[in-house]
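Observations on chain architecture
As a plain string of letters, each chain reads:
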Amino acid sequence: MEAIEIRKVSNLKELKQFIQFNYDLYRDCKQAVPFLYSDEMNTLRRDRNAAFDFCEADYFMAFRNGKMVGRVAAFINHHANERWQRKEVRFGWLDFIDDIEVSRTLLDTVAAWGKEKGMTEIAGPLGFTDMDREGMLVEGFDQDATMYINYNYPYYPQHIEQIGGFEKDNDYMEYLVKVPEKVPDKFHKIAEMIRNRYNLQVRKFTRQELIKEGKGKEIFDIINETYKNLYGYSQLSENQVNQLVDQYIKVADLNLVTAIEDWSTPEHKMVGFGITFPSFKHALRKTRDGRLLPFGWWHMLKVLKWHKTDVVDLLLIGVLPEYRAKGANSLIFDDLIQWFQRYGFKWAEAMPQMESNEHMRGQWQYLESTQHRRHRCFRKPL
């Protein structure tokens, strides 16, 4: 059998080939959801992703007999390494056929790349930052994915085990939550008590306030404060925040974006938020490999504007630490559940939550929910 050939991506044509491999590998997988092609391109291009202000990366493709059989991204987040005092090379965008020689060669390539740059350990699958998809699916292979998480075949973690040396570093758990017919009495009563006791109020912002008047930036400032001690997190830069506001806020249905303000402060300080989107998974399956042209935009628009789905994605939720104990989360859910009901959503997909984050995972006990997927990050010394 011919040996594996590794080629480094060096131009736009090869980057397109790198991106296309995932669509080809999962074309016949009914659980997988195609990623939005433009998002993939914007994330991986150095001239479009603000994370390259503090990250460096290379992308590698594996070939056998002239046919592409795998891919991987190798990158270093210097901010995260400084924050966590590590010398870590990350791997991500890892895809491969069911051939242990292919997967081993790809990960060996990342390890060698990292060693050349003075790194002493390899970890992943990770993104440039926490705003990217993270983790390898290890439970829930029969469950539908979403556009915000990785889906992989069951043989992926089997290969990691066979390669050896990698250990579990962190698990993310995901929940499918049934939208109740009415807001649970416990949520509603707690929400009323919090409003009266702490003068915390639900606030719906206009797009003008979020984009032009800086409220969108405040949301991501809360993310920086809320997530700063979580696994591998690196602070979002000003350029990244501007990109995220463009990516999410400009297109969001603002009824599905809820902020919490502390009205006991003169400036009505924002202390928490929830950003949710109707699920695009079925719309993306109707596109041509995640592309909006020629007709993919129409399927996406039907979901975004007319909510032609019964699933909503709980994309980002953050509450400042000092307000979590005051129950600010319940205000967010009290408001959002009412909007979910109006729009006819039946299910909510909770985005990945760290296994160790018992407080966040514990909130689902008040709703009918199932922990239906698990993603894992691995680490290995070099």
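For the structure given in this document, a descriptive report is provided here. Every residue gets a number counted from 1 within its own chain, in the order that chain's sequence is written. Side-chain atom pairs in this predicted model are given and counted only at pLDDT of 80 or more, local residue features only at pLDDT of at least 70, and totals for whole chains, interfaces and linings cover all residues. Remark: hydrogens and water are excluded; side-chain values derive from all non-hydrogen atoms of the structure.

A separate point is the overall build of the chain. Only runs of H or I of at least four residues qualify as helices and only runs of E of at least two qualify as strands under DSSP, and these elements are numbered from the N terminus. Along its length, the chain carries 14 helices and 13 strands. Atoms counted for the radius of gyration: C-alpha only. Globule rule: 2.2 Å times residue count to the power 0.38. Taking 382 residues into account, the globule formula puts the C-alpha radius of gyration at 21 Å, and the chain, at 21 Å, falls close to it. Overall, the chain is about 70 × 45 × 40 Å in size when its C-alpha atoms are taken along their principal axes. Whether a residue is buried, partly exposed or exposed follows from its accessible area with a 1.4 Å probe, protein chains only, as a fraction of its type maximum: under 20%, in between, or over 50%, in that order. For the chain, the residues scored as buried account for 59% of the 382 residues in total. Any pair of residues with heavy atoms lying within 4.5 Å of one another is described as a contacting pair. Relative to all contacts within the chain whose residues are 6 or more apart in sequence, the contacts with residues 24 or more apart total 77%. For the chain, the accessible area works out to roughly 17,100 Å², and carbon and sulfur atoms hold 48% of it. Asp and Glu count as negative and Lys and Arg as positive, but His and the ends of the chain are not part of the count. A charge is said to be at NZ when it belongs to Lys, at CZ for Arg, at CG for Asp and at CD for Glu. Seen as two clouds, the 54 positive and the 55 negative side-chain charges of the chain have centres 3 Å apart. Only the protein chains shown count as covering a residue, and every accessible area follows the Shrake-Rupley method with a 1.4 Å probe.

Okay, the nonpolar core next. Think of a nonpolar core as a cluster: buried Ala, Val, Leu, Ile, Met, Phe, Trp, Tyr and Cys residues, connected wherever their side-chain atoms sit within 4.5 Å. With 128 residues, the main nonpolar core has Phe 18, Tyr 59, Phe 128 and Phe 220 as its most contacted residues. The element that contributes the greatest number of residues to this core is helix α13 (residues 328-343), accounting for nine residues. Residue contacts for Phe 128: discarding those within four places in its chain leaves Thr 43, Leu 44, Asn 49, Ala 51, Phe 52, Cys 55, Ala 57, Tyr 59, Phe 75, Asn 77, Arg 90 and Trp 93. In terms of nonpolar packing, the next biggest core, distinct from the first, is built from six residues, Ala 123, Tyr 231, Met 354 and Cys 377 among them.

Looking now at the packing of helix α4 (residues 100-116) against helix α5 (residues 155-163). A fitted line through C-alpha atoms represents every axis, and for helices the fit uses only the stretch in contact; the resulting angles, taken between N-to-C directions, go from 0 to 180 degrees. Remark: α4 packs on α5, axes separated minimally by 10 Å, with the N-to-C direction vectors making an angle of 70°. With respect to each other, α4 and α5 are oriented roughly perpendicular. Here α4 runs over α5; the crossing is right-handed. Here Ile 100, Ser 103, Arg 104 and Leu 107 of α4 come into contact with α5, specifically with His 159, Ile 160, Gln 162 and Ile 163. The class makeup of the residues in the contact of α4 with α5 is four nonpolar, three polar and one charged. These descriptions rest on fixed angle ranges, namely under 35 degrees for roughly parallel, over 145 for roughly antiparallel, 65 to 115 for roughly perpendicular, and the rest for oblique. Whether a crossing is left-handed or right-handed is set by the direction in which the near helix is turned from the far one by less than a right angle, anticlockwise for left-handed and clockwise for right-handed. Ten residue types, Ala, Val, Leu, Ile, Met, Phe, Trp, Tyr, Cys and Pro, are classed as nonpolar, four, Asp, Glu, Lys and Arg, as charged, and the remainder, Gly among them, as polar.

Let us now look at the side chain of Asp 253. Mapped onto the elements, Asp 253 comes out in the loop between α9 (238-249) and β9 (257-262). For salt bridges, the criterion is a side-chain nitrogen of Lys or Arg within 4 Å of an Asp or Glu carboxyl oxygen. Summary of buried charges: Asp 253 has no salt-bridge partner, and the nearest side chain of opposite charge, Arg 207, is 6.5 Å away. In protein, a polar contact requires one atom able to donate a hydrogen and another able to accept it; more generally it is a pair of N or O atoms within 3.5 Å, and residues adjacent in sequence count only if both atoms are side-chain atoms. Within the local environment of Asp 253, its side chain forms a polar contact with the side chain of His 307, the two groups lying 2.8 Å apart. Engagement of the side chain of Asp 253 in a polar contact is seen with the side chain of Tyr 343, the distance being 2.9 Å. Apart from the residues within four sequence positions on either side, Asp 253 is in contact with His 307 and Tyr 343.

Below, the discussion takes up the environment of Asp 99. Position of Asp 99 among the secondary structure elements: in the loop between β4 (88-96) and α4. For Asp 99, a relative accessible area of 16% gives the class buried. Each C-alpha atom, one on Asp 99 and one on Glu 14, is 23 Å from the other, the two residues being 85 residues apart in sequence.

Next up on the list: the pattern of salt bridges. Scanning all chains against the criterion turns up 35 salt bridges. Its salt-bridge partner being Glu 174, residue Arg 373 comes within 2.7 Å of it at the nearest N-O pair. Here Glu 174 lies in strand β7 (residues 167-178) and Arg 373 lies in strand β13 (residues 369-381), a separation of 199 residues in the sequence. Close ionic contact of Glu 218 with Lys 215 constitutes a salt bridge, the shortest N to O distance being 3.3 Å. Separated by three residues within a single helix, Glu 218 and Lys 215 lie in helix α8 (residues 215-227), roughly one turn from each other.

Moving on, we get to the packing of aromatic side chains. Put simply, two rings from Phe, Tyr or Trp (the six-membered ring, in Trp's case) pair if the centres are within 6.5 Å, and we call them stacked under 30 degrees between planes, edge-to-face over 60, tilted for the rest. Per the stated rule, a full pass over the model turns up 22 aromatic pairs. Seen in terms of ring centroids, Tyr 343 and Phe 345 are 5.9 Å apart; in terms of plane orientation they differ by 80°. Their pairing is edge-to-face. Overall, Phe 345 belongs to the buried group, its relative accessible area being 3%. Ring pairs connect the aromatic residues Tyr 26, Phe 96, Tyr 151, Tyr 153, Tyr 155 and Tyr 156, which therefore count as one cluster. Lysine NZ or arginine CZ positioned within 6 Å of the ring centre and within 35 degrees of the ring normal marks a charge as sitting over the ring. One Lys or Arg, Arg 7, reaches over the ring of Phe 63 and ends 3.7 Å from the middle of that ring.

Bringing helix α2 (residues 37-44) into the picture now. For α2, the set of buried residues is Tyr 37, Glu 40, Met 41, Thr 43 and Leu 44. Angular distribution of buried residues about the axis of α2 spans 165°; they occupy a single face of the element. Elements in contact with the buried residues of α2: α1 (12-25), β2 (55-64) and β4. Note: the arc covers the axis-to-C-beta directions of the helix.

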